[in-house]
Amino acid sequence: MQDEEFDNWLRNAARTYNEPPAPDVEGMWVAIENEQFAGSTPVPTRVAASFTPITSIPPLRAPWYNSGWMRVAAALVIGVGLGRVSLPPTAPATSVPPTVVAAQAIAGSSVLQPVMNSPEANKYMGETIALLASMQSETRNAAQDKELVSGAGDLLNTTRFLLDSPNTNNPNVRGLLEDLELVLAQIVQLSNKTTAGDVEMIHRAMEQRDVMPRLRTAVANNYSAE
Amino acid sequence: MPGPTRNPAERFPPTPCLYLRRHVTLPESTLLVLDPGPRHAERALVARVLEGDRIASRELYDAHVNRVFRLAFRLCGDEDHARELVQESFIRIFSQLSRFRGDAALSTWVHRVTLSVVANARRRDKKHDREIDFDATDPIADEAVRDADPDLKEGLHAAISALPEIYRITFVMHDIEGYTHPEIAAATGVAVGTSKGRLFIARGQLRKMLEPFRKE
């Protein structure tokens, strides 16, 4: 047998190697359903193209804690919830936009906490603004991301230190620091496997809590107080 | 406070459809990798499965079960064992679907999971205490080649079984099941060139093992 002839024979004859029978599609599906979707109504037979969805089938949901961003979201909700509970009741909301309300609250407090009016606190807030601003930049690369996470870790430690300080008893300042703690904690958890959705969620958290305007107002007030 | 909510469908935004199928004649297996039309449809399907749609789960199963079963059977050669491998593969596929990022075709990811399940099963079969040496020819199968029926086809089957695991998988996927090198490379986690090299070596080893039969 010549080489070429042999190679042709090889390709054809190999197709008889472990030639599979027709699969028991339904039988295997039943076993998969029993294992994976135990307790739910079975989905009968092969799904036709014209199949009308049966609304009575209870939806299968993967456990919420399987998703990384859901864990972060839960932490955010719990953290903000605790922060709100710990705040004293405030005046009823008016038609003034929330950003203005937050800015007025910070301005009203004058941020005259001894610990927050120091040059170190100004430096801390300046660095935090710079970090959060770079977080919003869309042209970051992996190296900058590493620096971002590292910087956020340092700022997170400082934030916790300030929160633990007995001098930080102004509820508005405390609220701002708690929000910063949450945002920084989320940034610290960013990794190579982070999706755009994770970053987007941090942006949303920052927007919803008006973190940047409150922070800028606090810095401006500190400088005007000097 | 309204919590941040995200629809699973947002993870797989629509991609522009080029419909290569209309303009270029390519093998079906190549289109699985290149055609963005099916890719968009399967992203939508994955999003539905992740939302808990049981009908979508069944659609996903129907779309891939035949190829998965064929591959599992070709690699293990036993129907009951192949059924177990398919079931285990799909259970793993459904439980880990949230990890599928949509970077590659769903079929590629499904086959990757299947090959992983097959490899784990082979490890278990080898009494848990021996890692598979992918480069070592199976001595038992090697003897089987020598002792095989003089029939060339029997000898070929024994020779394929005697191939080292990585070469056997590549040969079975390409020459028997008709997968393309990009598909094999993606499913086995190697470069396309590596897949081609493995196939070349596999064919060479088969030729060598079947030399006695050729002379007859």
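Residues numbered from 1 in each chain as written. Chains lettered and ligands numbered in written order. Predicted model: local features only at pLDDT ≥ 70, side-chain atom pairs only at ≥ 80, totals over all residues.

Student: So what exactly am I meant to see when it comes to the overall build of chain A here?
Tutor: Secondary structure summary: chain A contains 9 helices and 0 strands in total. Secondary structure elements of chain A occur, N-terminal to C-terminal, as α-α-α-α-α-α-α-α-α. Out of the 226 residues belonging to chain A, those deemed buried represent 24%. Here the contacts in chain A between residues at least 6 apart in sequence split such that 74% fall between residues at least 24 apart. (Helix = DSSP H or I, 4+ residues; strand = E, 2+ residues; numbered from the N terminus. Buried ≥ 20, exposed ≤ 12 C-beta atoms within 10 Å, placed from the backbone. Contact = placed C-beta atoms within 7 Å.)

Student: What is the right way to read the nonpolar core from this model?
Tutor: Proteins that are soluble and globular tend to have nonpolar side chains buried together. B:Val68, B:Phe69, B:Ala72, B:Val86, B:Ala159 and B:Ile160 are the most contacted members of the largest nonpolar core, which totals 53 residues. In terms of residues, this core owes the most to one element, helix α4 (residues 54–76) of chain B, which gives 10 residues. Not counting chain neighbours up to four residues away, the residues in contact with B:Phe69 comprise A:Pro20, A:Pro23, B:Ala82 and B:Val86. (Core = buried A, V, L, I, M, F, W, Y, C linked by C-beta atoms within 7 Å.)

Student: I keep staring at unusual backbone geometry and nothing clicks. Help me out?
Tutor: Most peptide bonds take the trans form, and the phi angle of most residues other than glycine is negative. Residue and element names in this part refer to chain A. For asparagine 18, which is not glycine, the phi dihedral falls at a positive 45°. Position of asparagine 18 among the secondary structure elements: in the loop between α1 (3–14) and α2 (25–36). A tally of 19 C-beta atoms within 10 Å means that asparagine 18 is categorised as partly exposed.

Student: I'm lost on helix α11 (residues 192–209) of chain B in this one. Help?
Tutor: Because an α-helix completes one turn every 3.6 residues, residues spaced three or four positions apart along the sequence face the same direction. Residue and element names in this part refer to chain B. Its 18 residues place the ends of α11 26 Å apart at the C-alpha level, agreeing with the 26 Å of an ideal helix rising 1.5 Å per residue. Ser195, Arg198, Ala202, Arg203, Leu206 and Met209 are the residues of α11 that are buried. Here the buried residues of α11 occupy an arc of 135° about the axis, which is enough to place them on one side. Exposed residues pointing more than 90 degrees away from the buried face of α11 are listed as Gly193, Phe200, Gly204 and Lys208. (Expected span 1.5 Å × (residues − 1). Arc of directions from axis to C-beta.)

Student: Would you mind going over helix α6 (residues 106–125) of chain B with me for this structure?
Tutor: Between its first and last C-alpha atoms α6(B) spans 29 Å; for 20 residues at 1.5 Å apiece the expected length is 28 Å, and the two agree. All buried positions along α6(B) are accounted for by B:Leu106, B:Ser107, B:Thr108, B:Trp109, B:Val110, B:His111, B:Val113, B:Thr114, B:Leu115, B:Val117 and B:Val118.

Student: Just to check I follow, could you spell out the packing of α2(A) against helix α5 (residues 79–95) of chain B for this structure?
Tutor: The description of two packed helices rests on the angle between their axes and on the distance between the axes. Look at α2(A) against α5(B): their axes get within 9 Å of each other, and the N-to-C directions meet at 45°. As judged from the angle between their axes, α2(A) and α5(B) are oblique. Where α2(A) crosses over α5(B), the handedness of that crossing is right-handed. Taking contact as the criterion, the partners of A:Met28, A:Ala31, A:Ile32, A:Glu35 and A:Gln36 in α2(A) are, on α5(B), B:Arg83, B:Val86, B:Gln87, B:Phe90, B:Ile91, B:Phe94 and B:Ser95. The residue makeup of the contact of α2(A) with α5(B), split by class, is 7 nonpolar, 3 polar and 2 charged. (Axes fitted to C-alpha atoms, helices over the stretch in contact; angles between N-to-C directions. Parallel < 35°, antiparallel > 145°, perpendicular 65-115°, else oblique. Left-handed = near helix turned anticlockwise from the far one by under 90°. Nonpolar A, V, L, I, M, F, W, Y, C, P; charged D, E, K, R; others polar.)

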